[in-house]
Amino acid sequence: MFTRRQMIATLTSLAAPAIVGPAFAAPNEWDSWDAQVTPANFDLGSTNPWGLHPRYLPQRVTANSGLRPGDVHVDAVARYLYHIQDDGSAMRYGVAIGRDGLYEPGVYTIRRKAKWPRWTPTPAMIKREPEKYARWEEGMPPGPANALGSRALYLYIGNRDTYLRIHGTPAPRSIGTRASSGCVRMVMPHINTLYDQVDTGVTAYLYPTDGSRL
């Protein structure tokens, strides 16, 4: 179970000096880390040791008509991510989005998926907040404290990596807020479930924060 003490330790580690670790995690480590961040007796729709507002817990809802199964839609106003299902429903998850001026609405393609990814801040992030990100210029090793968490979906425009991600977060209490440097954050056990259902090549729609259409 990901306890409050573990969460505080995780957040503290983000402000600590860089640690030595592997560039990539071996598959035998993934299971151990998954167990570490997944509460005991986890139930997708009801388990909530993170203190989220109940509306941010995953649930199946009716999708708007005309949406293509498999695609992902992010409502930046309500802070929801919808994964459209074949039967006209959608799985809805609570998310956090980018801080003011950093969220980038648009139409993207998910071209890559990664379990327990390595994270490297972009040059723009380092320039904007060097005191926070410069120490990770060479990359943060994968693991429960990593900024991308347990899973990441990589957003592209054409063949260009936008450096935007839909990813897990070691700061689950940020869900429902504008907290990131542009990415869409999810609770790690939630994105672990979504990750297994999302195919590469599908479209991700990140809608504007003023509720307008793309």
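Everything that follows concerns the structure shown earlier in this document.
Now for a quick tour of the structure. In every chain, residue numbers begin from 1 and rise along the written sequence. Selection of residues for local features in this predicted model requires a pLDDT of at least 70, selection of side-chain atom pairs for listing and counting requires 80 or more, and totals for whole chains, interfaces and linings are taken over all residues. Calculation of side-chain values draws on the structure's entire complement of heavy atoms; hydrogens and water are dropped beforehand.

**Quick word on the sheet that holds strand β2 (residues 72–75)**
Strand pairing requires that DSSP identify at least two bridges connecting the strands. A run of H or I in DSSP becomes a helix once it reaches four residues, and a run of E becomes a strand once it reaches two; helices and strands are each numbered from the N terminus. The strand order β1-β4-β3-β2-β11-β6-β7-β8-β10 describes an open sheet built from nine strands, whose pairing is mixed. Both outer strands of the open sheet, β1 (59–62) and β10 (184–187), are each paired with one neighbouring strand and no more. Across the sheet, the mean angle from the axis of one strand to that of its neighbour is 30 degrees, orientation sign disregarded. Sheet analysis places β2 next to strand β11 (residues 203–206), joined by three bridges and oriented parallel. Residue V72 lies in a different strand from β11, and its bridge partner there is A204. To define axes, lines are fitted to C-alpha atoms, for helices over the stretch in contact only, and angles between the resulting N-to-C directions are given on a 0 to 180 degree scale.

**Details of the layout of surface pockets**
A 1.4 Å probe that fits but cannot get out identifies a cavity on a 1 Å grid over protein atoms alone, an open set with protein on both sides within 12 Å along at least five of seven lines counts as a pocket, and a residue lines either if it has an atom within 4 Å of a point. Grid points are joined across faces, edges and corners, and a volume is the space filled by probe spheres set on the points. One number sums up the size of the largest pocket: a volume of about 800 Å³. What lines the largest pocket is a set of 38 residues, among which W119, P121, M125, S181 and C183 lie closest to the centre. Examining the composition of the lining of the largest pocket, we find that seven residues originate from one element, strand β8 (residues 160–169), more than from any other. Among the residues forming the lining of the largest pocket, the class breakdown is 20 nonpolar, nine polar and nine charged. Together, 14 residues line the second largest pocket, and N64, L67, H73, Y82 and Y207 are the ones closest to its centre. In this classification, Asp, Glu, Lys and Arg are treated as charged, Ala, Val, Leu, Ile, Met, Phe, Trp, Tyr, Cys and Pro as nonpolar, and every other residue, Gly included, as polar.

**Observations concerning unusual backbone geometry**
Here the phi dihedral of W116 falls at roughly 45 degrees; this positive angle occurs in a residue that is not glycine. For W116, the location among the structural elements is in the loop between β6 (106–115) and α3 (123–128). In the Ramachandran plot, Y163 falls in the positive-phi region, its phi being about 70 degrees despite a non-glycine side chain. With respect to the helices and strands, the residue Y163 is situated in strand β8.

**Thoughts on the nonpolar core**
If you look at the biggest cluster of nonpolar residues, it comprises 24 residues, and the most contacted ones within it are V74, L81 and I166. Secondary structure elements with two or more residues in this core: β2, β4 (89–94), β6, β7 (151–157), β8, β10, α5 (188–197) and β11. Among the elements that make up this core, the one with the highest residue count is α5 (three residues). Definition of nonpolar core: a set of buried residues of the types Ala, Val, Leu, Ile, Met, Phe, Trp, Tyr and Cys, connected through side-chain atoms within 4.5 Å. Burial classification: accessible surface area is computed with a 1.4 Å probe over protein chains only, and a residue below 20% of its type maximum counts as buried, one above 50% as exposed, and the rest as partly exposed. Ranked by size, the runner-up nonpolar core spans twelve residues in total, among them I126, M140, L148 and Y156.

**Let's talk about the pattern of salt bridges**
Two side chains with opposite charge may pair up if their charged atoms get near one another. Throughout this description, the term salt bridge denotes a Lys or Arg side-chain nitrogen within 4 Å of a carboxyl oxygen of Asp or Glu. Under the defined criterion, the tally for this structure stands at five salt bridges. Among the salt bridges present, the one from R68 reaches D71, with a minimum N-O distance of 2.9 Å. Overall, R68 belongs to the partly exposed group, its relative accessible area being 48%. Put simply, R99 and E129 hold a salt bridge, and the shortest N to O gap is 2.8 Å.

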